[in-house]
Amino acid sequence: MSRAVRAFGVLAIPVLTVPVGMATADAATLPKPPTKTLPSGLDVASPYQAQRLCDPNAKPGVVAFAKLMSSHYKVGSADWGITRNCNSGLTEHSEGRAWDWMLSANKPNEKAIADSVTQWLSAPDAQGRPGAMARRFGIMYIIWNHKMWRAYDPARGWAPYTGAVPHTDHIHFSFSWDGAYSRTSWWTGKPLTTVSPGPASAPKPTTPPQTPSAVYSLLIQGATGPDVVLAQKVIGVTPDGIFGPKTAAALRTWQGSHGVKVTGQLDPATWAKMVALKLIPPRSTSTPAKPTTPPPTTTKPPTTPAKPPVTTPTKPPVTAPVSPLAAYAKLTLKRGSSGSAVVALQKALGITADGAFGPKTEAAVKAFQARHNLPATGIVGASTWAALMSGTGTSTGASRGTTRVATPYTALMSTVLRNGSRGAGVKTLQRALGGLSVDGAFGPRTASAVKAFQKSHHLAQTGVVDSKVWQALENRDYPLRAYYGTVLKPGSRGAAVTALQKALRVKADGVFGSATVTAVKALQGRAKLARTGVVATLTWQALEAELRRR
């Protein structure tokens, strides 16, 4: 899924033509890629087509590609990894036009196959046309082993991918609508010359979007995220946040042994049982009350001229919107805490929302407290909650503040790292750069990656990480940070609205109209925020989190 910076038209310098660490296995041990007679003409490359419908039904082109790959290489399954419910963030899985091929970078044979296939799809053909085979299948982009390749931007090569899921246990393929419906030359024998934007609307979804409620959202196989981690800890499987076949099997066993209907889904009944057994915290959602409008009054005209009475117009009562954090305002959180309150806290701070209050969360809390003239204890109590809520209300005016929410790089701005450095800061750096072992040891490979990053951002190529490097990383990964203090509503205009629209992938005309309202509410629903249509700090952060996952 595309880097956040792409939403603003920023081009990155090409990094590699093939993924880092390509397997060096003997080519004779690997099956050769599938072949067939193909036309000399090549399909036009599709632009990026983001998910905009809820239609989690596997599309025929994706199914055919999955069957071709899994049967040809005799590994993986075409029966799983295509569809995902519509609560899973912005993903083509929710339109049935993405496939996760479950190959592991930690298994030499599977890694060799994955490296071979991704190279075959992304490499130039004999005429020098980049990504020719990917275009013949209608593949928009591929993510594998910390790297991402884009058919719509082949000049970037295999660029670092630093999303929450490193894609070391599967290859992610996303397809254009033409690829999803088998309209490309691999299937038709004729090169595609025009690009279809896809259907205008979706049929009735099999798994409709779940609105925020007093229970956890319905999650099916293919879902990812902190709620999956929460359930995995209960049912006793590795809490990797990926709802795969092993999680589904363990969940069925758990449901059967606890008197819950065996569905293999994290449905309301299953969540309710976990809450009742006090295995997970209860979850509630507050919705702002709607202002009431007094009924209009009519006054019968007097029969004789008279001085009209002086009346004071009655203003409708104004009900302040309830912050999404209000439900947690009486809780005290500190290092070691976990659960939905920690997730809400982490979202408010703009850091990874994994529901575990660890060192990074503590550092972000201390930084926030220091900026708001609070004792920097790292413990979240009433005063810290109040400060957090004061910057996340849904003001109806368009205003620009100076809110600066902590990022994973905030506490590291004064940290200098170089060859020989060790520790958590080095791990943060290695994750951000991508393509490196996250071992916390700053060695020659990390130094080379730093120099490459410095070159691509026009910094002195010293291999030393200083405040300029941390700032460049923050600007790359948090491009909306400058707008955290900007509140937008229907009718707002200007550069901030344009930035919002580009990130939402709606028409970027700088006018906050109905299409933008719809897109904002959809985003808020996916992020489990109040669907107000008003953009404030939490909504900016939720949007930015989706950009990082693309």
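Predicted model, so just to flag it, every value in this text is computed and none were measured. (Residues numbered from 1 in each chain as written. Predicted model: local features only at pLDDT ≥ 70, side-chain atom pairs only at ≥ 80, totals over all residues. Heavy atoms only, no water.)

Enquirer: It is not clear to me how the nonpolar core should be interpreted in this structure. Could you clarify?
Expert: Soluble globular proteins tend to pack their nonpolar side chains together in the buried interior. In this structure, Leu345, Leu429, Trp470 and Leu500 are the most contacted members of the largest nonpolar core, which totals 61 residues. Those residues within four positions of Leu500 in sequence are excluded, and the remaining contacts are Leu488, Phe512, Thr516, Val520, Val535, Trp540 and Leu543. The next biggest cluster of nonpolar side chains, apart from the first, holds 33 residues, and it includes Met69, Phe137, Trp149 and Trp186. (Core = buried A, V, L, I, M, F, W, Y, C linked by side-chain atoms within 4.5 Å. Buried < 20%, exposed > 50% of the residue type's maximum accessible area, 1.4 Å probe, protein only. Contact = heavy atoms within 4.5 Å.)

Enquirer: Even after reading the chapter, I still don't get helix H13 (residues 444-456), so can you show me in this structure?
Expert: Its 13 residues place the ends of H13 18 Å apart at the C-alpha level, agreeing with the 18 Å of an ideal helix rising 1.5 Å per residue. Within the span of H13, buried status applies to Thr446, Ala447, Ala449, Val450, Phe453 and Gln454. Projected down its long axis, H13 shows its buried positions confined to an angular sector of 160 degrees, all on one face. Every exposed residue of H13 that faces more than 90 degrees away from the buried side is listed here: Pro444, Arg445 and Lys455. Elements that come into contact with the buried residues of H13 comprise helix H12 (424-433) and helix H14 (467-477). Looking one or two residues beyond H13, the residue adopting positive phi is His458, at roughly 60 degrees. (Helix = DSSP H or I, 4+ residues; strand = E, 2+ residues; numbered from the N terminus. Expected span 1.5 Å × (residues − 1). Arc of directions from axis to C-beta.)

Enquirer: What is the right way to look at unusual backbone geometry in this model?
Expert: Backbone geometry follows two general trends: most residues other than glycine have a negative phi, and most peptide bonds adopt the trans configuration. Even without being a glycine, Lys74 presents a positive backbone phi close to 55 degrees. Counting through the fold element by element, Lys74 comes out in the loop between helix H1 (60-73) and strand S1 (98-101).

Enquirer: Help me out: how do you make sense of the packing of helix H6 (residues 226-235) against helix H7 (residues 245-257) in this one?
Expert: Axes are the key here: two packed helices are described by the angle between their axes and the distance separating the axes. Their axes nearest at 10 Å, the elements H6 and H7 cross at an angle of 55 degrees. Looking at the two axes, H6 sits oblique to H7. In the crossing of H6 with H7, the sense of the turn from one axis to the other is left-handed. Here H6 contributes Gln232, Val234 and Ile235 to the contact with H7, which in turn contributes Thr247, Ala250, Leu251 and Trp254. For the contact of H6 with H7, the class distribution of residues is five nonpolar, two polar and no charged. (Axes fitted to C-alpha atoms, helices over the stretch in contact; angles between N-to-C directions. Parallel < 35°, antiparallel > 145°, perpendicular 65-115°, else oblique. Left-handed = near helix turned anticlockwise from the far one by under 90°. Nonpolar A, V, L, I, M, F, W, Y, C, P; charged D, E, K, R; others polar.)

Enquirer: What exactly am I supposed to notice about the packing of aromatic side chains here?
Expert: Any aromatic ring pair is given by two values, namely how distant the centres are and how the planes are angled relative to each other. Enumeration according to the criterion identifies 15 aromatic pairs in this entry. Aromatic pair Phe65 and Phe173: ring centres 5.1 Å apart, planes at 70 degrees, arrangement edge-to-face. Of the two residues, Phe65 sits in helix H1 while Phe173 sits in strand S5 (residues 171-175), which places them 108 residues apart along the sequence. In this structure Phe65 comes out as buried when scored by relative accessible area, which is 0%. Between the aromatic rings of Phe65 and Phe175, the centroid separation amounts to 5.4 Å while the plane-to-plane angle is 70 degrees, which identifies the pairing as edge-to-face. Here Phe175 lies in strand S5 and Phe65 lies in helix H1, a separation of 110 residues in the sequence. One exposure class covers both Phe65 and Phe175, and it is buried. (Phe/Tyr/Trp six-rings, centres within 6.5 Å; stacked < 30°, edge-to-face > 60°.)

Enquirer: Help me out: how do you make sense of the pairing of strand S2 (residues 139-144) in this one?
Expert: Along any regular strand the residues' side chains alternate between the sheet's two faces. Counting buried residues along S2, six of its six residues qualify, which places the element largely inside the surrounding structure. For S2 and S5, the ladder comprises four bridges, and the chain directions are antiparallel. By the bridge assignment for S5, Ile142 is matched with Phe173. Strand direction decides the pairing type here: S2 and strand S3 (residues 147-150), joined by four bridges, are antiparallel. (Pairing = 2+ DSSP bridges.)

Enquirer: I keep staring at the environment of Met274 and nothing clicks. Help me out?
Expert: Within the secondary structure, Met274 sits in helix H8 (residues 268-276). On the basis of relative accessibility, which here comes to 0%, the residue Met274 falls in the buried class. C-alpha separation for the pair Met274 and Val234, spaced 40 residues apart in sequence, amounts to 7.9 Å. When neighbours within four sequence positions are excluded, Met274 is seen to be in contact with Ala231, Val234, Ile235, Leu251, Trp254, Leu266, Leu279 and Ile280.

Enquirer: What is the right way to look at the UniProt feature "domain: Peptidoglycan binding-like" (unreviewed entry) in the protein in this model?
Expert: Per the UniProt record, the feature "domain: Peptidoglycan binding-like" (unreviewed entry) sits at residues 238-274, 350-388, 422-473 and 496-543. Between the end C-alpha atoms of residues 238-274 the distance is 18 Å, and the span holds 54% helix and 0% strand. (UniProt positions renumbered as here; feature names shortened; annotations may be inferred.)

Enquirer: Mind showing me how you'd approach the sheet that holds S1 here?
Expert: Sheet architecture is open: five strands sit in the order S1-S5-S2-S3-S4, paired in antiparallel fashion. This sheet does not close on itself; its edge strands, each paired only once, are S1 and strand S4 (159-160). Packing of helix H2 (residues 108-122) onto the sheet brings it into contact with S1, S2, S3 and S5, and relative to S2 it is tilted by some 150 degrees.

Enquirer: Looking at this model, I keep getting lost on the confidence of the model for the protein. Mind explaining?
Expert: If pLDDT is low for a region, its predicted coordinates should not be looked at in detail. On average, residues of the protein score 78 in pLDDT, and 78% of them are at 70 or above. Long-range and interchain partners of residues 284-321, a stretch whose pLDDT sits below 50, account for 16 contacts in this model, where long-range means more than four residues apart. Note that residues 392-404 has pLDDT below 50 and, in this model, 30 contacts with residues that lie over four places away or in other chains. (pLDDT = per-residue confidence, 0-100.)

Enquirer: I tried to follow the pattern of salt bridges on my own but got confused; where do I start?
Expert: Pairing between side chains of opposite charge can happen when their charged atoms approach one another. Enumeration over the complete set of coordinates arrives at eight salt bridges. The shortest N-O distance in the salt bridge between Lys111 and Asp115 comes to 2.8 Å. Here the residue Lys111 and the residue Asp115 both occupy positions in helix H2, the gap between them amounting to four residues, near one helical turn. The partner of Glu546 in a salt bridge is Arg526, and the shortest N-O contact between them spans 2.7 Å. Here Arg526 lies in helix H16 (residues 514-526) and Glu546 lies in helix H17 (residues 537-549), a separation of 20 residues in the sequence. A residue is classified by how much of its surface remains accessible, and Glu546, at 3% relative accessible area, is buried. (Salt bridge = Lys/Arg side-chain N within 4 Å of Asp/Glu carboxyl O.)

Enquirer: It is not clear to me how the pairing of S3 should be interpreted in this structure. Could you clarify?
Expert: Of the two faces of S3, the one holding Lys147 and Trp149 and the one holding Met148 and Arg150 are both buried throughout. Counted between consecutive antiparallel strands, the loop separating S2 from S3 contains two residues, among which Asn145 sits at a positive phi close to 50 degrees.

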